[in-house]
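Chain by chain, the residues run as shown.
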Amino acid sequence: MRLMRAGLVVLAVLDGLVGAWQYFFPRSFYDDFPTVSNDPPYNEHLMADVGGLNLAIVTVLVIAAVVLEHRLVMAALAGFGVYCGTHFVYHVTNFDGFPIRDAVAVGTGLGIEFVLTIALLFLGYHLRTRDLAGSRATLNLTSTSEADV
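Presented here is an overview of the structure given in this document. (Residues numbered from 1 in each chain as written. Predicted model: local features only at pLDDT ≥ 70, side-chain atom pairs only at ≥ 80, totals over all residues. Heavy atoms only, no water.)

Re the overall build of the protein chain
Test applied: Secondary structure counts use DSSP, requiring at least four H or I residues in a row for a helix and at least two E residues in a row for a strand, with both numbered from the N terminus. Only protein chains enter the calculation, and the probe is 1.4 Å; a residue is then buried if its accessible area is under 20% of its type maximum, exposed if over 50%, and partly exposed in between. Contacts are assigned to residue pairs with any non-hydrogen atoms lying within 4.5 Å of each other.
Per the secondary structure count, the protein chain includes 5 helices and 0 strands. In sequence order, the secondary structure elements of the protein chain are arranged as α-α-α-α-α. Per-residue burial for the protein chain yields a buried fraction of 32% across its 149 residues. In the protein chain, once contacts between residues fewer than 6 apart in sequence are set aside, the share between residues at least 24 apart is 68%.

Right, here's the structure in full:
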């Protein structure tokens with residue numbers, strides 16, 4: 001479970017930094033984050049709204065990391081996976097005119113985030129099936145013990 005918590009915290013920190021930058025300093029994010037200003041025109045409302053949405057999903061990831069309840073963790077990761085997966089696909093299919101350094105940096109960063117999310121979903125599934133198998137074995141032992149009595 002420590003690995004799951006650590007992974008959730010990493011995702012929350014990475015996206016939290018970006019979301020806070022988008023929300024509190026939308027013009028700076030537009031001007032300074034690689035590839036963003038390549039999609040004009042600047043729209044402060046849109047930048048701040050996207051930042052707020054990032055902060056909202058970060059909040060869910062943080063709560064999942066604190067509580068570590070299986071359904072909450074999996075729902076948080078599934079939602080984040082949809083977000084970062086679509087974000088990744090958009091960027092890697094829309095690099096026309098981007099400097100190669102920016103394209104590689106953004107594509108790699110978003111790809112790592114997406115792969116980490118998928119890995120954590122598999123880890124969550126594995127932990128859950130392992131726990132369920134252990135519960136069934138305990139139930140079977142209890143049933144056998146009672147039958148013997």
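Some words on helix H4 (residues 70-92)
Note the threshold: In a helix, the anticipated span is given by 1.5 Å times the number of residues less one. N or O atoms within 3.5 Å of each other form a polar contact, as long as, within protein, one can give a hydrogen and the other can take it, and as long as residues adjacent in sequence are counted only when both atoms are side-chain atoms.
If you check H4, its first and last C-alpha atoms are 32 Å apart, about what 23 residues at 1.5 Å a residue would give, namely 33 Å. Restricting attention to buried positions, one finds in H4 the residues Val73, Met74, Ala76, Leu77, Phe80, Gly81, Cys84, Gly85 and His91. The N-capping residue of H4, defined by a side-chain oxygen 3.1 Å from the backbone nitrogen of Arg71, is Glu69.

Details of unusual backbone geometry
Each neighbour pair has its own omega, and for Pro40 with Pro41 the value is 0°, a cis peptide bond. With respect to the helices and strands, the residue Pro41 is situated in the loop between helix H2 (26-32) and helix H3 (44-67). Of note, Thr35 is a non-glycine position whose phi angle comes to about 80°, a positive value. The residue Thr35 is located in the loop between H2 and H3 in this model. Look at Thr35 and you get buried, because its relative accessible area is 5%. You will see that Leu68, though not glycine, has its phi angle at about 55°, which is positive. Relative to the assigned elements, Leu68 resides in the loop between H3 and H4.

A short note on a nonpolar patch on the surface
We count it as follows: For patch building, the residue pool is restricted to those with more than 30% relative accessible area and no salt bridge; the joining distance is 9 Å between like charges and 5 Å between nonpolar side chains (Val, Leu, Ile, Met, Phe, Trp, Tyr). Each accessible area is a Shrake-Rupley estimate made with a 1.4 Å probe; only the visible protein chains count as cover when residues are assessed. A carboxyl oxygen of Asp or Glu within 4 Å of a side-chain nitrogen of Lys or Arg is what we treat as a salt bridge.
Together, Val62, Ile63, Val66 and Val67 make up a nonpolar patch on the protein surface, roughly 340 Å² of accessible area in all. Looking at the element boundaries, Val66 is found in helix H3.

Looking at the packing of aromatic side chains
Which entries qualify depends on this criterion: Only Phe, Tyr and Trp rings are paired, with Trp represented by its six-membered ring, and only when their centres lie within 6.5 Å; those with planes under 30 degrees apart are stacked, over 60 edge-to-face, the remainder tilted. Charge over a ring is defined by NZ of Lys or CZ of Arg lying within 6 Å of the ring centre and within 35 degrees of the ring normal.
Enumeration according to the criterion identifies 8 aromatic pairs in this entry. With a centroid separation of 4.8 Å and 20° between ring planes, the pair formed by Phe29 and Phe33 is classed as stacked. By relative accessible area, which is 4% here, Phe29 ends up buried. On the accessibility criterion, Phe33 (25% relative accessible area) is partly exposed. Ring geometry for Tyr30 and Tyr42: centres 5.1 Å apart, planes at 65°, overall edge-to-face. Of this pair, Tyr30 sits in helix H2 while Tyr42 sits in the loop between H2 and H3, placing them 12 residues apart in sequence. Overall, Tyr30 belongs to the buried group, its relative accessible area being 8%. Here Tyr42 falls in the partly exposed class, since its relative accessible area comes to 23%. Positioned above the aromatic ring of Tyr42, the side-chain terminus of Arg27 is 4.2 Å from the ring centre.

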